[in-house]
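# Working through the structure, step by step
Read off the chains here:
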Amino acid sequence: YRRLVKINDFDTRSRAYALSGMGDVLFEKARYRDAIDYYNQSLELDRENGSLKEVAISLKAIGDCLLRLGEFNESIETLNEGYEIAYQNDFVSEKFSIKELQVLNQLKREGLTKIEKDVKTLMAISDTIYKKDRTEAVEKIETALRTKDKETKIILLEKNEELQKATIQRQQIILISATVL
């Protein structure tokens, strides 16, 4: 992902995607504070790009990190902001679970009295969705890298073929010159 951030320095959508991916890696390693930093950078770029879907996804990722850090009120606010954007723009079925939204709103209604049980439920639901999204993102990046690698190999093979042809032509010219002399 760091390589993608450097490569796509001028393409803010790709840069935001790479920053989010770096956040995902840190999330997976339970480095939630560090992940939040990357997700916030991605969120800023997503807002600049006007990509509401990506804004909602970034907010959800930040909210999930805050939830795991035990910052429940801030997590609920952040997740609700993401859900509101997702719901208003029909993204709920894509990246946001209705069950997750119900648990979140239940937490809000009941306050933080039953929070531990509900948070575990919310985390389990969120982790399931996160792993699916992460797998898809990793597959997309791996496919892009494999494609680029294959394209590079093809170019190298073509250049090698051209070099071999040039070598054969040179040898033929030398052979013809030698027979003429």
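To start, this report covers the structure provided alongside it. (Residues numbered from 1 in each chain as written. Predicted model: local features only at pLDDT ≥ 70, side-chain atom pairs only at ≥ 80, totals over all residues. Heavy atoms only, no water.)

## So, the side chain of Thr78
Keep this limit in mind: Per the convention used, a helix needs a DSSP run of H or I reaching at least four residues, while a strand needs a run of E reaching at least two, with both numbered from the N terminus. Residues count as neighbours in contact if any of their non-hydrogen atoms are within 4.5 Å of one another.
Position of Thr78 among the secondary structure elements: in helix 5 (residues 72-88). Beyond its immediate sequence surroundings of up to four residues, Thr78 is in contact with Leu59, Ile62, Gly63 and Leu66.

## Quick look at the nonpolar core
Selection rule: What makes a nonpolar core is a set of buried Ala, Val, Leu, Ile, Met, Phe, Trp, Tyr and Cys residues whose side-chain atoms join them at distances within 4.5 Å. To sort residues, take the accessible area from a 1.4 Å probe on protein chains only and compare it with the maximum for the residue type: under 20% means buried, over 50% means exposed, and anything in between is partly exposed.
Core analysis: the biggest nonpolar cluster contains 22 residues, and Phe27, Ala35, Tyr39, Ile62 and Cys65 have the highest contact counts within it. Among the elements of the structure, helix 2 (12-28), helix 3 (32-49), helix 4 (52-68) and helix 5 are those that each provide at least two residues to this core. Ignoring anything within four residues of it in the chain, the contact list for Cys65 reads Phe27, Tyr32, Ala35, Ile36 and Tyr39.

## Here's the deal with helix 3
Counted only if it meets this: Multiplying 1.5 Å by the helix residue count minus one yields the expected span of that helix.
Between its terminal C-alpha atoms helix 3 stretches 25 Å, which fits the 26 Å expected from 18 residues at 1.5 Å a residue. Of the positions making up helix 3, those classed as buried are Tyr32, Ala35, Ile36, Tyr38, Tyr39, Ser42, Leu43, Leu45 and Asp46. Where helix 3 terminates, the next one or two residues include Gly50, which has phi positive at roughly 75 degrees.

## Here's the deal with the pattern of salt bridges
Cut-off, in case you're wondering: Just to be clear on terms, a salt bridge is a Lys or Arg side-chain nitrogen sitting within 4 Å of an Asp or Glu carboxyl oxygen.
Inspection of the entire model under this criterion finds five salt bridges. A salt bridge links Asp64 to Lys60; its shortest N-O distance comes to 2.9 Å. With Asp64 and Lys60 both in helix 4, this residue pair falls four residues apart, about one helical turn. In this structure, the salt-bridge partner of Glu161 is Lys165, at a minimum N-O distance of 3.6 Å. Within this pair, Glu161 and its partner Lys165 are both found in helix 8 (residues 115-180), separated by four residues, close to a single helical turn. Residue classification places Glu161 among the partly exposed residues on the basis of a relative accessible area of 42%.

## So, unusual backbone geometry
The backbone phi angle of Ala30 is positive, close to 65 degrees, even though this residue is not glycine. You can call Ala30 partly exposed: its relative accessible area is 45%.

## Overview of the environment of Thr78
Owing to a relative accessible area of 11%, Thr78 belongs among the buried residues under this scheme. Distance from Thr78 to Leu66, taken between C-alpha atoms, is 8.7 Å for residues 12 residues apart in sequence.

## Let's talk about helix 4
In this model helix 4 runs 24 Å from its N-terminal to its C-terminal C-alpha over 17 residues, within 8% of the 24 Å that 1.5 Å per residue would give. Counting buried positions along helix 4 gives 13 out of 17 residues, so the element sits mostly inside the fold. Where helix 4 ends, the next residue or the one after it, Gly70, has phi of about 85 degrees, a positive value.

## Describing the packing of helix 2 against helix 3
Counted only if it meets this: Note on geometry: axes are lines fitted to C-alpha atoms, helical ones only across the stretch in contact, with angles between N-to-C directions running from 0 to 180 degrees. By the definition adopted for this analysis, an angle is roughly parallel if under 35 degrees, roughly antiparallel if over 145, roughly perpendicular if from 65 to 115, and oblique otherwise. What makes a crossing left-handed is the near helix being turned counterclockwise from the far one by less than a right angle; a clockwise turn instead makes it right-handed.
Closest axis-to-axis distance for the helix 2/helix 3 pair is 8 Å, and the angle between their directions is 160 degrees. The angle between helix 2 and helix 3 places the two elements in the roughly antiparallel class. The handedness of the crossing between helix 2 and helix 3 comes out as left-handed. Contacts from Thr12, Arg13, Arg15, Ala16, Leu19, Ser20, Met22, Gly23, Asp24, Leu26 and Phe27 of helix 2 reach helix 3 at Tyr32, Asp34, Ala35, Tyr38, Tyr39, Gln41, Ser42, Leu45, Asp46 and Asn49.

## Here's the deal with the packing of helix 3 against helix 4
Where helix 3 contacts helix 4, the axes come no closer than 9 Å and their chain directions differ by 160 degrees. With respect to their mutual orientation, helix 3 and helix 4 come out roughly antiparallel. Seen along the crossing, helix 3 lies across helix 4 with a hand that is left-handed. For the pair formed by helix 3 and helix 4, the contact residues are Tyr32, Ala35, Ile36, Tyr39, Asn40, Ser42, Leu43, Asp46 and Arg47 on the first element and Glu54, Val55, Ser58, Leu59, Ala61, Ile62, Cys65, Leu66 and Arg68 on the second.

## Focus: the side chain of Ser75
Checked against the element boundaries, Ser75 lands in helix 5. Taking relative accessible area as the criterion, Ser75 reaches 0% and is therefore assigned buried. In this structure Ser75 touches Gly63, Leu66 and Leu67, once residues within four positions along its chain are discounted.

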